[in-house]
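# Commentary on secondary and tertiary structure
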Amino acid sequence: MSKVIYKRPRYLKPNIFHYCPGCGHSIIHRLIAEVLEELDIGEKAICVPPAGCAVLAYNYIDVDMGEAPHGRAAAVATGIKRMLPDRVVFTYQGDGDIAAIGTAEIIHAANRGERITAIFVNNGVYGMTGGQMAPTTLPGQISTTTPSGRDLRRDGPPLDLSEMLAIARGSVYIERTAVNSPKNIRNTKRAVEKAFKVQLADLGFSLVEILSQCPTNWKMTPQDSLKHIDNVVTKFYPLKVIKDETGL
Amino acid sequence: MSEKVLMRGTHVIGEAAIRAGCRFYAGYPITPQNELTEYMAAQMARYPGRVFIQAESELSAINMVIGASMAGARAMTSSSSPGISLKQEGISYLAGQELPAVIVNTVRGGPGLGNIAPTQGDYFQATRGGGHGDYRTIVLAPYSGQELADLTVKAFEYADRYRNPVMILADGMMGQMMEPVVLPEPIDPVTLPKGDYILDGAKGRPSRLVKSLYLDPPVMEEHNWKLFRKYQQIAREITTWEDFMIEDAKLVIVAYGTCARIAKGAIRRLREMDLKVGMLRPITLYPFPSKPMKELTLKVKSFLVIELSTGQMLEDVRLAVEGRAKVHFYGRPGGVVPTPDEIAKHTNLIYHRQGLEGEDYE
Ligand SMILES: Cc1ncc(C[n+]2csc(CCOP(=O)(O)OP(=O)(O)O)c2C)c(N)n1
């Protein structure tokens, strides 16, 4: 008799991911689906996907989904959650979505202590539009709009959105994780689970920032992009619990 | 039937919305409509399960409304011109995602920061879409306290029936006006039917999706045609207008909202002078009452469009009459409100210049 050690999570649709080889989005989708199943909240979950590479998240994660305009996910999620306080409402946002065009919405949602969870996928670029500079693009990093590298004088330094959101008094749990190694993936799953538990316990706003590899736009092999997270990205964006006032 | 109460226009809209079962309101301060936001802040708190949020911007407010609407609630936001510009993104998404919502625009002077006086300069923005894409917003133009109440209720009904954003186009004059009003009977929101598209968690049913993204052009095209057919149906079913002293009229004024109110005063004066002047007052600006206007050209050859703008609805009137009648225009933009006397004088001039006093068309 063989034993099942891994199967497709219940809330992951049997569709083939459209993501580029080596992309972190697919791993993150799977982790979310696993957590939804393990916490048994898939039937009361509502996801607000972004404009970004994950715009088609609804092809993969099998929960109710309501598409938001680029950057507005936190406001849309606020409307849903306020009308359905006993559901689990989460946004899934790229770094351009949450840290550039959607800053006002996320800061005020966090500050109001909206009982929502934001999954913030930081890949350091605007992936969907072809690899332009994001607010999180690292100093010197080449992108299609920083052809000679991000210039701090011209472009300013990368934005520490999660740290900013930690200052907002309504946020209670913010952690930065990565999905570039089995250990980090496990840790990300734990963080996502905790963020949902924070929401279920009605404690306040929760967010998990996930450093995610983008081999295509970083112009690297998938393997190199994994190392790049350890060697470069985490030096600027350290993996850590940024805020935890949950008591969980 | 409830009895008459004396209420300010902004409060009438708020109270009618609450009685229509509005469960979610988000707003952001802007004059001249703050009393509506303040009314909602005070009143929504009195009902369990109803939510008022002062949003961080009009952009956020309309997106919160999108979320509340996805969750199946009757939802409303309100603002004035500059804030309505910010809401256009959300209105386009509401149209694309086929979500109901009510948006109140208490129009003020523009462009830019303009001023806070009553104008009708947002007619194009309201009726032509305002946001991007091939869509239409239902636009209702109340002209009295009673209509503020009645059309607010209609706005929610139309929004739900057609799954489309509905805009109430008023102005500061409507908002400040105190008139006796019969308020609608309150509806308990839990008695309203639940849409089969709403997002409330996929329990015992397949998961649902509310979206406006259609990457495949033929699929997007079909979505556009589907919306188009819906707009045609809307035009057939809800086009509303008022005929005023039109039977024997030789000159017909076309005006809506505040302007129509003033024009009525002018027409009464002109009638006393034996001038055969009437009015066609569009109540739905989209769908526009083009058909009755066109039919009117069989006997009326002179129209006078009066607007608090440099001429926006004027284009719709010209399109409706298709050159079958002469279309004159009188406009006061910028927040200047003409008096009935002023309109009477101007109408009189056109009436005589056109030689309408002598001949008889019949
Ligand atoms: C108002 C608006 N501006 C711009 C866009 C184009 N756009 C789509 S996704 C995107 C950014 C994507 O980057 P990010 O949020 O970092 O997510 P990623 O694709 O990298 O996952 C942009 C600018 C849009 N859809 N809407």
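These figures come from a predicted structure and were not determined experimentally.

### A closer look at the sheet that holds strand β5 (residues 101–107) of chain B
Residue and element names in this part refer to chain B. On the basis of which strands lie adjacent, the open sheet formed by 7 strands has the order β3-β2-β4-β5-β7-β6-β13 and mixed pairing. One side of each edge strand has no neighbouring strand; the edge strands of this open sheet are β3 (51–54) and β13 (284–286). Between one strand axis and the next, the sheet turns by 20° as a mean value, whatever way the strands run. Judged from the 4 bridges that link them, strand β2 (residues 22–27) and β3 form a sheet pairing that is parallel. Residue pairing in the sheet places Gly 27 in a bridge with Gln 54 of β3.

### Quick notes on the domain arrangement of chain B
Residue and element names in this part refer to chain B. According to the domain assignment, chain B contains domain 1 (5–238) and domain 2 (242–358). Spacing between the C-alpha centres of domain 1 and domain 2 amounts to 29 Å. In this complex, domain 1 contributes 32 residues to the contact, which on the side of domain 2 involves 29 residues. When domain 1 packs against domain 2, close to 2500 Å² is buried across both sides, 55% of that on carbon and sulfur atoms. Joining domain 1 to domain 2, the criterion identifies 3 salt bridges. Between Arg 128 and Asp 316 there is a salt bridge whose closest N-O contact spans 2.9 Å. Taken together, the links from domain 1 to domain 2 amount to 16 residue pairs in polar contact (both at pLDDT 80 or more). Where the side of domain 1 that touches domain 2 is concerned, the elements lending two or more residues are α5 (123–127), β6 (138–140), α6 (145–162), β7 (165–171), α7 (172–176) and α8 (217–238). Among the elements that take part in the side of domain 1 that touches domain 2, α8 stands out by supplying 4 residues, more than any other. Taken together, the residues of the side of domain 1 that touches domain 2 break down into 19 nonpolar, 7 polar and 6 charged.

### Comments concerning the interface of chain A and chain B
Taken together, the contact between chain A and chain B spans 32 residues of the former and 35 residues of the latter. Contact between chain A and chain B buries roughly 2600 Å² in total, counting both sides, with carbon and sulfur atoms accounting for 60%. Put simply, chain A and chain B have 3 salt bridges between them. With a shortest N-O distance of 2.6 Å, A:Asp64 and B:Arg205 are connected by a salt bridge. Linking chain A to chain B there are 15 residue pairs in polar contact (both at pLDDT 80 or more). Those elements giving two or more residues to the side of chain A that touches chain B turn out to be β1 (45–48), β2 (64–66), α2 (73–83) and α4 (103–111) of chain A. Ranked by residue count, the leading element in the side of chain A that touches chain B is α2(A), at 7 residues. Residues that form the side of chain A that touches chain B fall into these classes: 15 nonpolar, 5 polar and 12 charged. As judged from the 2 bridges shared by β2(A) and strand β9 (residues 209–210) of chain B, these two strands associate in the parallel manner.

Conventions used here
- Residues numbered from 1 in each chain as written.
- Chains lettered and ligands numbered in written order.
- Predicted model: local features only at pLDDT ≥ 70, side-chain atom pairs only at ≥ 80, totals over all residues.
- Heavy atoms only, no water.
- Pairing = 2+ DSSP bridges.
- Helix = DSSP H or I, 4+ residues; strand = E, 2+ residues; numbered from the N terminus.
- Axes fitted to C-alpha atoms, helices over the stretch in contact; angles between N-to-C directions.
- Domains from an automatic or database assignment.
- Contact = heavy atoms within 4.5 Å.
- Buried area = accessible area lost by both parts, 1.4 Å probe.
- Salt bridge = Lys/Arg side-chain N within 4 Å of Asp/Glu carboxyl O.
- Polar contact = N/O pair within 3.5 Å; in protein donor to acceptor, adjacent residues only side chain to side chain.
- Nonpolar A, V, L, I, M, F, W, Y, C, P; charged D, E, K, R; others polar.

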